[in-house]
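# Observations on the model geometry
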Amino acid sequence: MDFETIIEPFKIKSVESLPITTSDQRKEYLEREYWNVFGLKSQEVTIDLLTDSGTGSMSSEQWAAIMRGDEAYAGSHSWQRFHEVVSELTGYKHIIPTHQGRASEKILATITLKEGDIIPSNSHFDTTRANFEFANAIPVDLLCEEGLDLLSPSPFKGNIDLEKLEELLKSEDSDKVPFVLMTITNNTGGGQPVSMENLKKVRELCTKYNKMFLLDACRFAENAWFVSQREEKYKNVEIREITKEAFRLADGCTISLKKDGFGNIGGILAFNDDELAEAARNLLILTEGFPTYGGLAGRDLDALAQGLKEITDRNYLEYRARSISYLAEKAKNAGIPIVQPAGGHALYIDAKNFVPDIPSHQYPGHSVACEIYLIGGVRAVELGTLAFGVAGKNGQPDTPATHELVRLAAPRRTYTQSHFDYVGEVLEKLSDTKDKLKGYEILEQPKQLRHFTAKLKPIS
Ligand code: F0G
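It should be emphasised that the depicted structure is a prediction, and the values quoted were computed from it without experimental measurement.

### Focus: the overall build of the chain
Secondary structure summary: the chain contains 17 helices and 14 strands in total. Computed over its C-alpha atoms, the radius of gyration of the chain comes to 21 Å, within 12% of the 23 Å expected for a compact globule of 460 residues. Taken along the three principal axes of its C-alpha coordinates, the chain extends 60 × 55 × 45 Å. Burial status across the chain gives 58% buried among its 460 residues. Counting only contacts in the chain whose residues sit at least 6 apart along the sequence, the fraction spanning at least 24 positions is 72%. Carbon and sulfur atoms provide 49% of the accessible area of the chain, an area that totals close to 19900 Å².

Structural data, given as structure tokens:
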């Protein structure tokens, strides 16, 4: 369409009030939670950009599908409808439903990994990394050069470095590699897409070195949208066809359907390999449930089946990408350095660049995320040394993460353009106060995934 205004390609049928809080209240809430935004209650958050996972709005067709839910323990109608849609979309022989992405990852790790195994990826998401490390395996990120440069405007910054991948696959460590995992889009690297060309080359390398090729395909539709916009060969190809082709390049996948499944809960583990699928189903029965429902109710499976039909709609994907780039424009105009180009599901602020005086081990991204909440009740999340760094032992500083990012992730079909205008205003105010920002120290932290529950305090 030749219009500047981004219209949401849907109208609103049911509304939920947004809490409006005062500056004093926000300070009190955050202090109470030891300066960890994960501790905040939802009624204390005005615009919640903590995650795009499970936070989207369902369509009226999805709610109608919920009413069709068949709760039979085995072989329900809901399962059949879900199975049909997922099979058509992915083409995999075995579809295993789980309650969410990390449940798929846990099963995958348990049935495929042994101590010392190496899993190459463009970038592993944090739960994926944690699940593989829990199995004593070694996840390695082989992101392409452009992806490491936050400010480069390259179109496919989620690509894997093919030379580094081949180096590993032909090295003496090759025997330790059970599979290659490509994350589309690359959440950790800023929600950046992977090109079809890169996926095809990974396929070729996996075939050449006899390795299984898996996708972490949480945001498969957003990836396909970028492919349709940026990869010449795919300009006139239907989004659904691009997604189908991507899935068919790999031998299986994990998916969190809380993202591009338009679901509030749900996941998939899928393989072409019979033996692996059998091992996965055996474990599924122990941990999630019978293979025709996994960890889900029949009604969830029906809502997801409908969501998986809606997600490849061109109008929706265009609105989605444009709302993120709209917010990115606002951030840039406010003088805030952001990862370029804007990602598929979120805006990422480069905190290292924005507040260079706060060292990594004092969590500059966390400081920015706290300030964003204090200014306007907007909840964002640090993806830097607090989330991905390695805690220092015996009073030593942490080993820092590669980047210090702050993510503002947009729930699907939930906020309107005026909400994004409001967030833009919060970012302007953030820019005005940046010289006042202080680093943080950790008071208490768990061994794994510390950013969820760590207790912190500002350094005075
Ligand atoms: N893989 C990727 C790329 C993800 O982004 C996530 C979740 C998962 C796997 C795990 O899925 O949450 O259903 O268990 N990402 C969320 C986020 C949590 O906020 O980015 P899950």
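### Thoughts on the pattern of salt bridges
A full pass over the atoms with the stated rule returns 31 salt bridges. A salt bridge links Arg81 to Asp302; the nearest nitrogen and oxygen atoms lie 2.8 Å apart. Within this pair, whereas Arg81 is found in helix α3 (residues 77-90), its partner Asp302 is found in helix α12 (residues 298-310), the two being separated by 221 residues in sequence. A residue is classified by how much of its surface remains accessible, and Asp302, at 3% relative accessible area, is buried.

### Section: the site of the ligand
Residues in contact with the ligand amount to 17 residues; listed here are only the nearest, Thr51, Arg102, Ser256, Lys259 and Arg407. Contact between the ligand and Gln100: an oxygen atom at 2.8 Å from a side-chain N or O atom of the residue. Within the side chain of Arg102, one N or O atom sits 2.6 Å away from an oxygen atom of the ligand. Broken down by element, the shell around the ligand gets its largest block of residues, 3 residues, from helix α4 (residues 101-112). For the shell around the ligand, the class distribution of residues is 2 nonpolar, 8 polar and 7 charged.

### Quick look at the domain arrangement of the chain
Each assigned domain of the chain is listed here: domain 1 (23-52 + 314-458) and domain 2 (60-310). Using only C-alpha atoms to locate each centre, domain 1 and domain 2 end up separated by 26 Å. Tallying the contact residues gives 27 residues for domain 1 and 32 residues for domain 2. Of the roughly 2600 Å² buried between domain 1 and domain 2, counting both surfaces, carbon and sulfur atoms make up 59%.

### Comments concerning the side chain of Arg379
Mapped onto the elements, Arg379 comes out in strand β10 (residues 378-379). A polar atom in the side chain of Arg379 sits 2.8 Å from the backbone oxygen of Val37. With sequence-adjacent residues up to four places away left out, Arg379 is seen in contact with Val37, Phe38, Leu40, Val45, Ile47, Asp48, Leu49 and Leu50.

### Notes on helix α8 (residues 196-208)
The end-to-end C-alpha separation of α8 is 18 Å, in line with the 18 Å expected for 13 residues at 1.5 Å each. Listed as buried for α8 are Met196, Asn198, Leu199, Val202, Arg203, Leu205 and Cys206. Close packing links the buried residues of α8 with α7 (162-170), β5 (179-183), β6 (212-216), α9 (220-230) and α10 (239-249). Downstream of α8 by a residue or two, Asn210 has a phi angle that is positive, lying close to 55°.

### Considerations on the sheet that holds strand β9 (residues 346-350)
Strand order in the open sheet made by the 3 strands is β9-β12-β11, with antiparallel pairing throughout. Each end of this open sheet is capped by a strand with a single partner; those strands are β9 and β11 (381-383). Recorded for the sheet is a direction-independent mean angle of 35° between the axes of neighbouring strands.

So, how was this worked out
Residues numbered from 1 in each chain as written. Predicted model: local features only at pLDDT ≥ 70, side-chain atom pairs only at ≥ 80, totals over all residues. Heavy atoms only, no water. Helix = DSSP H or I, 4+ residues; strand = E, 2+ residues; numbered from the N terminus. Rg over C-alpha atoms; globule rule 2.2 N^0.38 Å. Buried < 20%, exposed > 50% of the residue type's maximum accessible area, 1.4 Å probe, protein only. Contact = heavy atoms within 4.5 Å. Areas by Shrake-Rupley, 256 points an atom, 1.4 Å probe, with all protein chains shown as cover. Salt bridge = Lys/Arg side-chain N within 4 Å of Asp/Glu carboxyl O. Near = heavy atom within 4 Å. Polar contact = N/O pair within 3.5 Å; in protein donor to acceptor, adjacent residues only side chain to side chain. Nonpolar A, V, L, I, M, F, W, Y, C, P; charged D, E, K, R; others polar. Domains from an automatic or database assignment. Buried area = accessible area lost by both parts, 1.4 Å probe. Expected span 1.5 Å × (residues − 1). Pairing = 2+ DSSP bridges. Axes fitted to C-alpha atoms, helices over the stretch in contact; angles between N-to-C directions.

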